[in-house]
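Below are the chains, spelled out letter by letter.
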Amino acid sequence: MKHSTVAELLSQNKTQVEVEAKGWVRTFRANRFIALNDGSTINNIQCVIDFENTDETLLKRITTGAAVHIKGTLVESHGKGQSVEIQVTSIDILGDSDADEYPIQPKKHSFEFLRENAHLRTRTNTFSAVMRLRSSLSFAIHKYFNENGFYYMHTPIITGSDAEGAGEMFRVSTLDAKSPPLNDEGNIDYKQDFFSKETNLTVSGQLEAETYAMSLGKVYTFGPTFRAENSNTSRHLSEFWMIEPEVAFMDLAGNMDLAEDFMRSILSYVLENNKEDLAFLEQRLIQEDKFKPQAERNEMTLTEKLKFVVDNNFKRVSYTEAIDILRNCKPNKKKKFKYLINEWGVDLQSEHERFLVEKHFKCPVILFDYPANIKAFYMRLNDDGKTVRAMDILFPGIGEIVGGSQREERLEVLKEKMAELDIPEEELWWYLDLRKYGTAEHSGFGLGFERLVMFATGMSNIRDVIPYPRTPQNAEF
Ligand code: 4AD
Ligand code: MG
């Protein structure tokens, strides 16, 4: 007989049938009750052992973390919190677990400790719930684009260009690190490297996605991106996943409409399909809040927060309006911000973004028309000559979650901008070609997937929403 998943067993109406289950022991109480989990649901199935007729050495091997194969009868449960349980007729220990050494004991562990045991942390309720939600969000993203006429495009991971122009890239090279070949100027001679040029891991698939938008119309990428920025914050990873749609014949307003509709759609998908995991994470946050000072507690529960985003329009505010608000706000006047806002043109820090979203507007905000010189080279210049058609979406508790823009489609304007920033035309000849052959208005954005998972799960550290986080000084597992 094939074994069933715990999820299947718990949702089965028919009792008094023979069943089999395989999973890991979460707890074993009173020599009698096994809480068994196999990852298919946050819930455990209770397996009741007739311990008087079970060999004692076998009983001793039923320890937290052990993998077991259980055969028995599915019966109605009189215990609290479950409708059915298994009356065990036989139990096979598939893999023993040393009870004293097993790191995931049935008690509360700190997230720091669990990060050090990231290979086992999905055996806890919190992390299994987070990772099931992560999986579900990925599916919802592909589903949304598929249903809306987008093609999924795989952009290269190894690249010769710096899409964001921030110079924060990881080099890919097979040259001898100890004594690389040098050219006449005494610099590393990348002509002798694997690709005969300097290459790096990509920071974004956008530039390549633009080439496909200008032929296939609507495309998106969903892949890993890499940034060697030395920011050790709770919102930055050195390796993160990004979703980047790119659409031909779409302006910035269309881009904002798309981003809003997309964010709403994927969040409503998980509200509908991940109820149990969300309910668990919501309770976790409520418990956590009890230990926080009143001012730091969440005003909404997790599902209320998600529903709020699904049900309300995002507030659209220009950078210039935002600067006015920030300049005159209390924390700025009372010098509570670390970076005070005095003049138009400065980049916004996360304290400012969070003030706008959490204190001022109290809803997701789309900021647009940023100063040209704090944004990337490819954004379309406005007629004022000083702002570009950029947009950032800011979410409560997260800050920037999406960054996007309408792209500069005018060859001469783009060339000028590249010259200004010392971006060699030879490097991006193919990108410039798009502006020579049938150029047209087009736009897109990038959603940081882990920031989305943080928002949907209520987790406050980005290291806890990706299986194996890569951050400065850390690439374990
Ligand atoms: O704003 P960014 O840098 O935009 C781009 O890369 C564009 N090429 C996107 C596009 O228009 N196609 O990054 C987009 C998003 C950010 O809003 C943020 O959510 C996330 O990616 N992000 C990071 N997430 C985790 N760790 C990091 N170090 C991140 N840097 C950016
Ligand atoms: Mg950005």
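Here is what the cut-offs are and how they apply
- Residues numbered from 1 in each chain as written.
- Chains lettered and ligands numbered in written order.
- Predicted model: local features only at pLDDT ≥ 70, side-chain atom pairs only at ≥ 80, totals over all residues.
- Heavy atoms only, no water.
- Near = heavy atom within 4 Å.
- Polar contact = N/O pair within 3.5 Å; in protein donor to acceptor, adjacent residues only side chain to side chain.
- Areas by Shrake-Rupley, 256 points an atom, 1.4 Å probe, with all protein chains shown as cover.
- Helix = DSSP H or I, 4+ residues; strand = E, 2+ residues; numbered from the N terminus.
- Nonpolar A, V, L, I, M, F, W, Y, C, P; charged D, E, K, R; others polar.
- Core = buried A, V, L, I, M, F, W, Y, C linked by side-chain atoms within 4.5 Å.
- Buried < 20%, exposed > 50% of the residue type's maximum accessible area, 1.4 Å probe, protein only.
- Contact = heavy atoms within 4.5 Å.
- Axes fitted to C-alpha atoms, helices over the stretch in contact; angles between N-to-C directions.
- Parallel < 35°, antiparallel > 145°, perpendicular 65-115°, else oblique.
- Left-handed = near helix turned anticlockwise from the far one by under 90°.
- Pairing = 2+ DSSP bridges.
- Phe/Tyr/Trp six-rings, centres within 6.5 Å; stacked < 30°, edge-to-face > 60°.
- Domains from an automatic or database assignment.
- Buried area = accessible area lost by both parts, 1.4 Å probe.
- Salt bridge = Lys/Arg side-chain N within 4 Å of Asp/Glu carboxyl O.

K.L.:
Just checking my understanding: could you explain the site of ligand 1 for this structure?
P.N.:
Near ligand 1 there are 24 residues, and of these Glu164, Gln206, Glu244, Glu400 and Ile401 occur at the shortest range. Separating an oxygen atom of ligand 1 from a side-chain N or O atom of Arg227 is a distance of 2.8 Å. Protein chains bury 93% of the 630 Å² of accessible surface belonging to ligand 1 in isolation. Among the secondary structure elements, those contributing two or more residues to the shell around ligand 1 are strand S11 (239–248), strand S15 (399–406) and strand S16 (442–448). If you tally residues by element for the shell around ligand 1, the top one is S15, at five residues. Here the residues of the shell around ligand 1 sort into eight nonpolar, eight polar and eight charged.

K.L.:
How should the nonpolar core be read in this particular structure?
P.N.:
For soluble globular proteins, nonpolar side chains are generally found buried alongside one another. One finds Phe262, Phe395 and Leu452 to be the most contacted residues of the largest nonpolar core, which totals 63 residues. In terms of residue count, helix H6 (residues 252–273) provides more of this core than any other element does, eleven residues in total. Dropping the residues within four chain positions of it, Phe395 is found in contact with Met263, Leu267, Val309, Phe314, Val357, Pro364, Ile401 and Phe455. Within the second largest apolar cluster, 34 residues are counted, among which are Ala163, Ala372, Val388 and Leu432.

K.L.:
Teacher, can you tell me more about the packing of helix H5 (residues 206–216) against helix H13 (residues 429–436) here?
P.N.:
The description of two packed helices rests on the angle between their axes and on the distance between the axes. With their axes 10 Å apart at the nearest point, H5 and H13 run at an angle of 30° to one another. Between H5 and H13, the crossing angle belongs to the class labelled roughly parallel. Of the two elements, H5 crosses H13, and the hand of that crossing is left-handed. Two secondary-structure elements touch here, H5 through Gln206, Leu207, Glu208, Glu210, Thr211 and Met214 and H13 through Trp430, Tyr431, Leu434 and Arg435. Considered class by class, the residues forming the contact of H5 with H13 number five nonpolar, two polar and three charged.

K.L.:
Before we go on, may I ask you to explain the sheet that holds S11 in this structure?
P.N.:
Either a parallel or an antiparallel arrangement is found when strands of a sheet pair, and the pairing is made through backbone hydrogen bonds. Strand order in this open sheet of eight strands is S6-S10-S11-S16-S15-S14-S13-S12, and the pairing throughout is mixed. Here the strands that pair on one side only, and so sit at the sheet edges, are strand S6 (151–152) and strand S12 (315–318). Note: S6 against strand S10 (residues 218–226), two bridges, orientation parallel. Bridging from a neighbouring strand, Tyr151 pairs with Val219 of S10. Contacts from H5 reach S6, S10, S11 and S16, with the element oriented near 30° to S11.

K.L.:
Sorry, what's going on with the environment of Thr199 here?
P.N.:
Its place among the elements puts Thr199 in strand S9 (residues 199–201). Given a relative accessible area of 4%, Thr199 falls into the buried group. Non-local contacts of Thr199, meaning those with residues more than four positions away in its chain, are made with Ile158, Thr159, Phe170, Arg171 and Val172.

K.L.:
Help me out: how do you make sense of the sheet that holds strand S5 (residues 84–95) in this one?
P.N.:
Taken in spatial order, the five strands close into a barrel running S1-S2-S3-S5-S4, and their pairing is mixed. Strand-to-strand twist of the sheet, defined as the mean angle between neighbouring strand axes without regard to direction, takes the value 55°. In this sheet, strand S3 (residues 45–48) lies alongside strand S2 (residues 33–37) in antiparallel orientation, the contact comprising four bridges. Looking across to S3, one finds that Phe33 is bridged to Val48.

K.L.:
How should I be thinking about the packing of aromatic side chains in this particular structure?
P.N.:
Any two aromatic rings considered together are summarised by their centre-to-centre distance and by the angle between their planes. The final tally for this structure, using the stated rule, is 21 aromatic pairs. With 5.8 Å between their ring centres and 55° between their planes, Phe139 and Tyr269 make a pair best called tilted. With Phe139 in helix H4 (residues 125–147) and Tyr269 in helix H6, this residue pair connects regions lying 130 residues apart in the sequence. Judged by relative accessible area, Tyr269 falls into the buried class, the value being 19%.

K.L.:
Looking at this structure, how should I read the domain arrangement of the chain?
P.N.:
In many reports, interface size means the accessible area that the parts give up when they come together. Partitioning the chain into domains gives domain 1 (6–102) and domain 2 (123–168 + 203–464). Distance between the C-alpha centres of domain 1 and domain 2: 44 Å. Taken together, the contact between domain 1 and domain 2 spans eight residues of the former and nine residues of the latter. Summed over both partners, the interface of domain 1 with domain 2 buries about 710 Å², with 39% contributed by carbon and sulfur atoms. Taken as a group, Arg26, Ile42 and Tyr102 account for 68% of the area that domain 1 buries against domain 2, more than any other trio of residues on that side.

K.L.:
What am I meant to see in the packing of H4 against H6 here?
P.N.:
At a minimum axis separation of 9 Å, H4 and H6 run at an interaxial angle of 135°. Comparing their axes, H6 and H4 come out oblique. Read as a crossing pair, H4 and H6 show a hand that is right-handed. For the pair formed by H4 and H6, the contact residues are Leu133, Ser136, Leu137, Phe139, Ala140, Ile141, Lys143, Tyr144 and Phe145 on the first element and Leu258, Asp261, Phe262, Ser265, Ile266, Tyr269 and Val270 on the second. Along the lines of polarity and charge, the residues of the contact of H4 with H6 split into twelve nonpolar, two polar and two charged.

K.L.:
How should the pairing of S5 be read in this particular structure?
P.N.:
The side chains of a regular strand alternate, residue by residue, between the two faces of the sheet. In terms of strand pairing, S3 meets S5 through three bridges, oriented parallel. Bridge pairing in S5 links Gln46 to Glu85. Of the pairings in the sheet, the one linking strand S4 (residues 67–76) to S5 comprises ten bridges and is antiparallel in character. Looking at S5, one finds that His69 is bridged to Asp92.

K.L.:
Looking at this structure, I do not really get the pattern of salt bridges. What am I missing?
P.N.:
Once the charged atoms of two side chains with opposite charge are near each other, the side chains can pair. Tallying each qualifying case throughout the model produces 25 salt bridges. Close ionic contact of Asp96 with Arg61 constitutes a salt bridge, the shortest N to O distance being 2.8 Å. One end of the pair, Asp96, is in the loop between S5 and helix H3 (111–116); the other, Arg61, is in the loop between helix H2 (56–60) and S4, with 35 residues separating them in the sequence. In this structure, Glu358 engages Arg354 in a salt bridge whose closest nitrogen and oxygen atoms are separated by 2.9 Å. Of the two residues, Glu358 and Arg354 are both situated in helix H11 (residues 350–361); the distance of four residues between them amounts to about one turn of the helix. By relative accessible area, which is 32% here, Arg354 ends up partly exposed. The network of salt bridges with common partners includes Glu210, Glu246, Arg407 and Arg435.

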